[in-house]
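# Structural description and commentary
One-letter residues, chain by chain:
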Amino acid sequence: MGIDYQKDKQVFHLYNKNMSYILQIIKGEFVSLRYWGRRIHCFHDSNKLLFYDRGFGVNIDKEDRTFSLDTLPQEFSTNGLGDFRSSSIAMEWSDGTSVFDARYQSYEIRQDKQPLPGLPSASGEFSQTLILHFYEEAHDIQLDVSYTIFEDCDCITRNVSISNLGETSCKITKLLTSNTDFNHRDFDLVTLHGSHTNEKNIVRRKVSDGITMLSSLRGTSSPQQTPFIALCDPNANEAYGNVYAFAFVYSGNFMANVEVGQYGSLRVQMGLHPEAFSWELAPKESFTAPEVVLTYSYTGFTGMSHAFYTFSQQHLIKPQFRNQLRPVLLNSWEAAYFDFTQEQLLELAKKAKDVGIELFVLDDGWFGQRNDDAHSLGDWYANKEKFPHGLDPFIHEIIKLGLRFGIWVEPEMVNEESELYRKHPDWILHVPYAKPLVGRNQFVLDLSRADVCEYLIEQLSNLLSNKNITYIKWDMNRHLTQVSSALLPAHKQKEVYHRYVLGLYHILETLTSRFPNVLFEGCSSGGGRFDFGMLSYMPQTWTSDNTDAICRVNIQYGTSLLFPPITMAAHVSAVPNHQVGRITPLMTRYAVAMSGNLGYELNLNEMIEEELHCIREQIENYKNIRPTIQQGDFYRLKNPFHQNGGAWNFVSKDKKHVIAIYIRTLSMPAYCVETITLRGLEEDAIYRNSETQEIFGGDELMYAGISIPRVREDFTSFIWYFEKL
Ligand code: GLA
């Protein structure tokens, strides 16, 4: 891994074992991407940049009619200088004009990676960083574009910061972190779309003319769109083909553009959504945009996912959780909703302990006057009816049972019916000329305000001062509207969306540093804020409020494009399922939930002894295979979005343990015998099926595969365990 500079050609070569990313300074002033893809050893300019005198070209240099920014691949695209594609930046100068003419000036290569101020960003072990300095002379602005290449994963992070060195304030009205110009458009575009209870559907289409825009203006990354796009060869699949992918390390509004140029080139951009955004840059101030991570794989989507997995596990997740196995939990939500007494919960906890659960999670309903969703968000003290002596004695009982204890909070919100709102009505996002809007009966606290953030830090620190609370489920159940802050002046109101996210990150940074061993699980009505920004503070996320095993096959499969199974909280719940009414076998519910970070979310007191016995066996089994599931390699085998079910397998890092899972949705007539071929095994090794004791070659399991028997039942599942001899 390294970054070389070839002075004669003015070429920067960022490389690791598998990948090269090559930039060139053009005419001493602009920077172009010359190559990105499979590792090449030395760049001799074989793919020359060719320029032609073309209609409508605007020439920066009047002596050269062939050279126009409109056809130049640019790493940071200027504004108002004849590159008519979407720009990387837009400024508003004090005279109302907006042209931004920054030219390349110099570079720096560093052996480390600096953290980004106020923002989550990848840690820089095994990495090198190239910083390109650009300068805008007319307004004395410096712009730095940084690239960090990593040795342990095929990823490059990119970020942009801008500094006002002049004497006059100006405004940033658009600043996209990444801008990547490909010289052709012959790609498919893969994105993740969804909604509440239906997150992360994989959508694949041909790149088409014009601009395709993915975005969120909901104040969070959202379940509707994930801040991720991949471009792949039209024939790329799980194992073959080039894939270029981009993901944003940010949890608020975002935009990703894919724009086909007039001569068939392709521009891909990602960054803060420019709508409803601006940022005042006073003299001597700087602004840093959130980080984008770029990944290249020549081994299809598996290579892409594995690069993202290593990146998030080794560079985003807090070090103390990187190698830590996650506890099997029982969550009280679908078991009891708001309706419980502490005695009932203790009964539940006893049963939980008895079947092997390790962590008891008290979900919503434990605080203030909270007996429904219209009350008490904001009042983070124990509900006096449910816990007359406070939470501590209850927690103590749970700990005495030999369980860990965790608790649910939704700190960013407040109900109209709460003490906090009555005391501080101006602490919510609102506009002075309209009634504040509710969603799930709640308002959004204005995290752009330092006083609100400090209050929340204090409240949550009080809660966590009980050292027996070792897990927090941090929820966020509505999107932002009437986004305005009572404290900011008129010209800064468009900063509120971003300031909200910065406020949130400040709270999370403070709490996770103050309580480093508390395991945070992110949640936004399920996977509504499952992004690399939140993962930097919360090593796992509640994947979806939809706990139906069949729906979960798709949701977890889609989520696995970016996030490793250890980050995906997945629970076995009751039947008929509370979201879709489906009845699925307990075994299938387990097969899906054990494919992630296993938990249970159902009333064990209502289960018969036979079912409890099954659950006991499931948990015992999971504890044995947990290192392979949570720390091994994950391979997708059958895509449930296109087929009657899905399949995947796990392989431990030493390739000794293999677990394969197949879920069939419907039982079909005229059954055509299906086969799944495993992946990631050792070809020459012999593997034994741990249940049947049959012996197979690694190559045989991978190439000939396993036949799947017919079962005359819907929603069936199969799990195979193999051990290397
Ligand atoms: C959200 C979460 C659920 C549960 C409820 C509680 O919907 O996604 O898991 O915690 O809130 O109100």
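The rules behind these values
- Along each chain, residues carry numbers from 1 onward, in the same order as the chain's sequence is written.
- Reporting in this predicted model follows two pLDDT cut-offs: at least 70 for local features of residues, and 80 or more for side-chain atom pairs to be given and counted; totals over whole chains, interfaces and linings ignore these cut-offs and use all residues.
- As a convention, hydrogens and water are excluded, and side-chain values are obtained from all of the structure's heavy atoms.
- Runs of E in the DSSP output that reach at least two residues are strands. Runs of H or I that reach at least four are helices, and both are numbered from the N terminus.
- Only the C-alpha atoms count toward the radius of gyration. The rule for a globule is 2.2 Å times the residue count to the power 0.38.
- Only protein chains enter the accessibility calculation, which uses a 1.4 Å probe; a residue whose area is less than 20% of its type maximum is buried, one above 50% is exposed, and one in between is partly exposed.
- Two residues qualify as a contact provided that any one of their heavy atoms is within 4.5 Å of a heavy atom in the partner residue.
- Here the open area of atoms and residues is found with the Shrake-Rupley method and a 1.4 Å probe, where only the protein chains shown may cover a residue.
- For the purpose of counting charges, residues Lys and Arg are taken to be positive, whereas Asp and Glu are taken to be negative. His and the chain ends are not included.
- Taken as the charge centre is NZ of Lys, CZ of Arg, CG of Asp or CD of Glu, depending on the residue.
- Think of it this way: one heavy atom of a residue within 4 Å of a molecule or strand is enough to make that residue near it.
- Nitrogen and oxygen atoms within 3.5 Å of one another constitute a polar contact, given that in protein one can donate a hydrogen and the other can accept it, and given that sequence-neighbouring residues count only through two side-chain atoms.
- In the scheme used here, Gly and all other residues not listed as nonpolar or charged are polar, with Ala, Val, Leu, Ile, Met, Phe, Trp, Tyr, Cys and Pro taken as nonpolar and Asp, Glu, Lys and Arg as charged.
- Criterion for a salt bridge: a side-chain nitrogen of Lys or Arg within 4 Å of a carboxyl oxygen of Asp or Glu.
- Interaxial angles span 0 to 180 degrees and are taken between N-to-C directions of axes, which are lines fitted to C-alpha atoms, for helices over the stretch in contact.
- Angle categories: roughly parallel below 35 degrees, roughly antiparallel above 145, roughly perpendicular from 65 to 115, and oblique for all the rest.
- Note on convention: the crossing is left-handed when the near helix lies turned anticlockwise from the far helix by less than a right angle, right-handed when the turn is clockwise.
- If DSSP finds at least two bridges between two strands, the strands pair.
- Stacked, tilted and edge-to-face pairs are distinguished by plane angle, under 30 degrees for stacked and over 60 for edge-to-face with tilted covering the rest, among Phe, Tyr and Trp rings (Trp via its six-membered ring) whose centres lie within 6.5 Å.
- Over a ring means this: the NZ of a Lys or the CZ of an Arg is within 6 Å of the ring centre and within 35 degrees of the ring normal.

## Some details on the overall build of the protein
- Helices and strands together make up the secondary structure of the protein, namely 13 helices and 38 strands.
- For the protein, the C-alpha radius of gyration of 27 Å lies close to 27 Å, the compact-globule estimate for 725 residues.
- When the backbone C-alpha atoms are referred to their principal axes, the protein occupies close to 85 × 70 × 45 Å.
- With 725 residues in all, the protein has 61% of them scored as buried.
- Across the protein, the fraction of contacts at a sequence separation of at least 24, relative to all contacts at a separation of at least 6, is 69%.
- Total accessible area computed for the protein in this model is approximately 27,000 Å², and 50% of it derives from carbon and sulfur atoms.
- The protein carries 67 positive and 88 negative side-chain charges, and their two centres are separated by 2 Å.

## A few points about the site of the ligand
- Neighbouring the ligand are 13 residues, the closest being Asp363, Asp364, Lys473, Asp475 and Asp545.
- The contact in question runs from an oxygen atom of the ligand to an N or O atom on the side chain of Asp364, over 2.6 Å.
- In this structure, an oxygen atom belonging to the ligand sits 3.3 Å away from a side-chain N or O atom of Trp542.
- Looking at the shell around the ligand residue by residue, the classes come out as four nonpolar, three polar and six charged.

## Let's talk about the pattern of salt bridges
- Considering all chains together, one arrives at 38 salt bridges under this definition.
- Between Arg204 and Asp188 there is a salt bridge, and its shortest N-O distance comes to 2.9 Å. Of the two residues, Arg204 is situated in strand β12 (residues 198–206) and Asp188 in strand β11 (residues 188–195); the sequence distance between them amounts to 16 residues.
- The exposure class assigned to Arg204 is partly exposed, which follows from its relative accessible area of 36%.
- Salt bridges sharing partners connect three or more residues here, namely Asp83, Arg85, Asp181 and Arg267.

## Looking at the packing of helix α4 (residues 342–355) against helix α12 (residues 609–631)
- Contact geometry for α4 and α12: axes closest at 8 Å, N-to-C directions at 55°. By the criterion of interaxial angle, the relationship of α4 to α12 is oblique. Listed contacts from α12 to Lys351, Asp354 and Val355 of α4 are Leu612, Ile615, Arg616 and Ile619.

## Brief notes about the packing of helix α10 (residues 549–559) against helix α11 (residues 586–593)
- Viewed as axis vectors pointing N to C, α10 and α11 meet at an angle of 15°, and their least axial separation amounts to 9 Å. Relative to α11, the element α10 lies roughly parallel. Seen from above, α10 lies across α11 with left-handed handedness. Contacts from Ala549, Arg552, Val553 and Gln556 of α10 reach α11 at Thr588, Arg589 and Val592.
- Partitioning the contact of α10 with α11 into residue classes produces three nonpolar, two polar and two charged.

## Notes on the sheet that holds strand β31 (residues 633–638)
- Read from one edge of the open sheet, six strands run β31-β32-β33-β38-β35-β36, paired in antiparallel fashion. Bordering the open sheet on either side are β31 and β36 (695–697), each of which pairs with just one other strand. Direction aside, neighbouring strands of the sheet carry axes that sit 25° apart on average.
- The sheet contact formed by strand β33 (residues 657–664) and strand β38 (residues 716–724) spans eight bridges and is antiparallel.

## Some words on the packing of aromatic side chains
- Applying the stated rule across the entire model yields 48 aromatic pairs.
- Plain terms: the ring middles of Trp333 and Phe338 are 5.2 Å apart, the flat faces sit at 85° to each other, and that makes the pair edge-to-face. Taken as a pair, Trp333 and Phe338 share a single burial class, namely buried.
- Centroid distance Phe634 to Phe650: 5.2 Å. Interplanar angle 55°. Geometry classified as tilted. Linking Phe634 in strand β31 with Phe650 in strand β32 (residues 645–651), this pair joins segments that are 16 residues apart in sequence.
- Site record: aromatic cluster; members linked through ring pairs are Tyr21, Trp36, Tyr147, Phe182, Phe187, Tyr244, Phe246, Tyr296 and Tyr298.
- In this arrangement the basic side chain of Lys386 is found over the ring face of Phe340, its NZ or CZ atom lying 4.4 Å from the centre.
- Just above the ring of Trp542 sits the side chain of Arg552; from NZ or CZ to the centre is 4.6 Å.

## Observations regarding unusual backbone geometry
- In this chain, Val575 is followed by Pro576 through a cis amide linkage whose omega measures -10°.
- Inspection of the secondary structure assignment puts Pro576 in the loop between β29 (568–573) and α11.
- For Tyr337, which is not glycine, the phi torsion reads 50° and is therefore positive.
- Within the secondary structure, Tyr337 is located in the loop between α3 (333–336) and α4.
- We classify Tyr337 as partly exposed; its relative accessible area is 30%.
- For Ser525, which is not glycine, the phi dihedral falls at a positive 45°.
- With respect to the helices and strands, the residue Ser525 is situated in the loop between β27 (519–522) and α9 (532–535).
- Overall, Ser525 belongs to the buried group, its relative accessible area being 18%.

## What about the pairing of β12?
- Where β11 and β12 come together, seven bridges link them in antiparallel fashion. By the bridge assignment for β12, Leu192 is matched with Ile202.
- Remark: two residues form the turn of the hairpin made by β11 and β12, two consecutive strands paired antiparallel; Thr197 in that turn has positive phi of roughly 65°.

## Topic: the sheet that holds strand β4 (residues 30–38)
- Taken in spatial order, the four strands of this open sheet run β1-β2-β3-β4, and their pairing is antiparallel. At either margin of the open sheet sits one strand with a lone partner, and together these are β1 (2–6) and β4. Between one strand axis and the next, the sheet turns by 15° as a mean value, whatever way the strands run.
- Sheet topology note: the strand β3 (residues 19–26)/β4 ladder contains eight bridges and is antiparallel.

## Section: the pairing of strand β17 (residues 266–272)
- In terms of burial, β17 is largely enclosed, as seven of its seven residues are buried.
- Sheet topology note: the strand β16 (residues 254–260)/β17 ladder contains seven bridges and is antiparallel. Its bridge partner being in β17, Met255 is matched across the sheet by Gly271.
- Hairpin remark: β16 followed by β17, antiparallel, with five residues in the connecting loop; positive phi at Gly264, about 85°.

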